[in-house]
Every structure is written in C-alpha cells, then in structure tokens.
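As a plain string of letters, each chain reads:
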Amino acid sequence: MPYGLLAGLLVHGALVALTLVSPRRPFWLAGLSHRVAAAYNEIPFLLAVVVLAGTVPSLLDGTKEPLWRAVAVGLTAVVLAGFVLIAWRGSRARPVVAQALVDGLGTVQDTGPDPVRGPRRRPSTARLLMPIVLRPRDVERIADVPYGDAGRAHMLDVYRHRTLPEGAPVLVHLHGGAYSGGRKSVESRALLFRLAQQGWLTISANYRLRPHADFHDHLVDAKRVIAWVRRHGPEYGADPSTLVLAGGSAGGHLSTIAALTPNEPRHQPGFEDADTAVSAVVSLYGWYGGYYELGGPTSEVGPLGHDATAAPPVFVAHGEKDSLAHVETARRVVRHLRSGSSEPVVYAELPGGQHSFDLFHSLRFAAVVDGVTAFLGQVRSRA
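Residue indices follow the written sequence of each chain, beginning from 1 at its first position. Only residues with pLDDT of 70 or above have their local features reported here, since the model is predicted, and side-chain atom pairs are shown and tallied only from 80 upward, although totals for entire chains, interfaces and linings are computed over all residues. Heavy atoms from the whole structure form the basis of all side-chain values; hydrogens and water molecules are not counted.

## Digging into the layout of surface pockets
- Space inside the largest pocket adds up to approximately 720 Å³.
- If you go around the largest pocket, you meet 25 residues; those closest to its centre are Gly177, Ala178, Ser249, Leu324 and His355.
- For the lining of the largest pocket, the leading source of residues is helix H2 (residues 27–40), giving five residues.
- The classification used treats Ala, Val, Leu, Ile, Met, Phe, Trp, Tyr, Cys and Pro as nonpolar, Asp, Glu, Lys and Arg as charged, and all other residues, Gly among them, as polar. The residue inventory of the lining of the largest pocket, partitioned by class, reads 13 nonpolar, nine polar and three charged. A 1.4 Å probe that fits but cannot get out identifies a cavity on a 1 Å grid over protein atoms alone, an open set with protein on both sides within 12 Å along at least five of seven lines counts as a pocket, and a residue lines either if it has an atom within 4 Å of a point. Grid points are joined across faces, edges and corners, and a volume is the space filled by probe spheres set on the points. The helix count covers DSSP runs of H or I at least four residues long, the strand count covers runs of E at least two residues long, and both are numbered beginning at the N terminus.

This is how it looks when you write it as structure tokens:
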C-alpha cells in the first residue's frame, strides 16, 4: 500500500477542511487557516489538478490492492468535493459585489470598458489553471522610486500604460503585514495592472515597519506618498486631482485613517502645507481594530476614533470567513462611515472569503477588481 500517497490525500483533505471552516480560535490555528486559504480558497482549480495528477496514475495501476484502490478513490472524491464547494463559494462573490454597488451607489452606469456586467470579465479556464498574476506587456513598471529618506522603506513602484497617457488618475496601494512585514510588490497586482491598462497611474508603496516605527510613522509615510504624488505625479503623466488610496489588511486600516485625517499638520512633519486629502478609499480585508499598545479601535489609532463627516467615497470588501480581521469589525466600521458621511460607502461581504484574497487571479478577486473598477468609474463621473 503506497502510504505516501494516502498521507498526501489526508493532508490535502485536512487543509481543505481548514479552509472551509476558517476557525477563529485558537489564534495559531486562525493564523494557519488564513495562510492556507490564501491558496486553497483562491486557486482550488489548480490544486484539484495537482491532486488528480498525483492520484490518477496510481488508481489506474491494476496491480494495486482492491482495498487500497477503494480507500484512495474515496479520499480523492472527498478532497475534490471540497474543492468544488470552495470554488462555488468563490463564484458567489460576483453577484454580491454587483448588488453592493447598487446598494451603495444606486443604479450603476457603464462608465468604462470594464463594468461589472456579463460573463466577459470572468476569468478564462486558462487563467483559473494558471492564476499567477503577471504584469501585462502593455503596462510599464518604474521600480524603486524614492519618496523619502528611509531607504527601501521609502520606495514606491509606478505602473502606467506604455502609451504614456497624460492626465491619468492615480491609485496608491499600501500593503498589509500587521505593520511588521510585507512589501510593495505582492498584493493586489491584478487590480493595479487592470487600472494601469485603463489609463490610470497606479502606485504601490513601502512604508516604515515595526519595531523601528510606530503608527504615527506609518501614517506620516502614507501622507508622504500622497504629497509625493501631488508634487511629482505629473512628471509620470498623473493628474493628482483624482487620487485614490487603497490597501489590504494593515494597508486598509492605514488608508482609512489617512483618509479620515486629511491635512492635519501633526501627521505631516516637514510637509505641513501639502494637500493630503484623497478622492476615495478602497479597503480590502482591512484590519479595523486598534494598534498594539497605543490604543483600541475607538482611539486615534483606530478608524472608529475619527469623525467620518468628511470621509470620501469608500469601497470595502471583506471576507465573511476572515479568521484574523473578523467580519464584524468591517460591518462596524461601515456603519460608522455611513452614519457620518454623506458620500457613498460600498460594502461587499464576500461569501466564504478569507484574509489575503488578492494574491491570485481567482473568481473572487476578479469580481472584486471589476467592482472596484466600476466604483472608481462612478467616483470620477460624480466628480
């Protein structure tokens, strides 16, 4: 009996189960769940092919014991059924995002080539089986542009269409990583590339991290990037009059608070006169609690500690199964924004969604990218 193959099936089955359940406790298991789900929840088609490639040759081997074959067939069927359920949950994101746009914006008009309509934006079979996000040929990357004096922590990447459009709106993305890790070249690449293909200037920025920085430093860096775009963006073809701040996890937390504290001099040391207001915010699986030892969600280091009266339009996408940034915290911050701001707040609660759902081309993130594209089109048309 090939025990190695059976052990592999059991491991896949356990990870599929962990992805489906997404436990919140204990903390170590919740952390493992979100790391596993980053792949299992978003690329189930590819992983199913991997499982089949490893089991089918052995199942077709007529020399194997009948009992072993029956056990292997049963385990394979259970694992594949789990992947089917995961894929089905991912496919439910598209109608949820479309309805969230209608609820938040009213009737969604076709404002560009990529509205949230029709099957033409669904990922192709080839993309589902090869989901790695690669930079398109028509998108140019200008890497490691300094925006401050803190070395790699103060560098950003610029993406733009190779036709070098002028007057391009700008989206700035801030990465996640619990303020202790992460880097600018990993998350939300599909979103950055899509917008660049449509004539946007998209920017992904590093910022100073713990333990050498605290929340004040992170916030100063976010505003420093905004100030850099205002001053230097036109050199790259940007029109900073439309400047959107986006981020995932800690980056969503940072983007939200930066948008709620525009032009506050104490958060802009050395560039107090810079305009750091933004046109909109896009927060994906954001952390909406406090910040370590500095305070909770209702303090100045939490989004609930800031007046939402002057908040810009906001798009929030959050997974209902997020085991790190629980979905209740996203609902709470959405209520806070809607109660204070007269601007639209779009909230898409993604069925089966976990943390870090933006690393691959997937059914779920494709729907989110389409939703963000439509949301930003509406923001620009309203402006």
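Moving on from the coordinates now.
## Digging into the environment of Leu195
- Structurally, the position occupied by Leu195 is in helix H7 (residues 189–197).
- Residue contacts for Leu195: discarding those within four places in its chain leaves Leu171, Trp200, Thr202, Thr373 and Leu376. Any pair of residues with heavy atoms lying within 4.5 Å of one another is described as a contacting pair.

## Some details on the environment of Gly286
- With respect to the secondary-structure elements, Gly286 resides in the loop between strand E6 (280–284) and strand E7 (314–319).
- Relative accessibility under 20% of the residue-type maximum defines a buried residue, over 50% an exposed one, and the middle range a partly exposed one, all with a 1.4 Å probe and only protein chains included. With a relative accessible area of 0%, Gly286 lands in the buried category.
- Distance from Gly286 to Gly247, taken between C-alpha atoms, is 7.6 Å for residues 39 residues apart in sequence.
- In this view, Gly286 contacts Ser249, Gly252, His318 and Ala325; residues no more than four positions away in its chain are not counted.

## Thoughts on the side chain of Ser22
- Relative to the helices and strands, Ser22 is located in the loop between helix H1 (3–21) and H2.
- Taking the relative accessible area as the measure of exposure, Ser22 reaches 6% and is therefore buried.
- Counted as a polar contact is a pair of N or O atoms within 3.5 Å, where, for protein atoms, one must be capable of donating a hydrogen and the other of accepting one, and residues adjacent in sequence contribute only when both atoms are in side chains. One polar contact links the side chain of Ser22 to the main-chain carbonyl oxygen of Thr19, over a distance of 2.9 Å.
- If we skip the residues at most four places from it in the chain, Ser22 touches Ser33, Lys321, Ser323 and Gln354.

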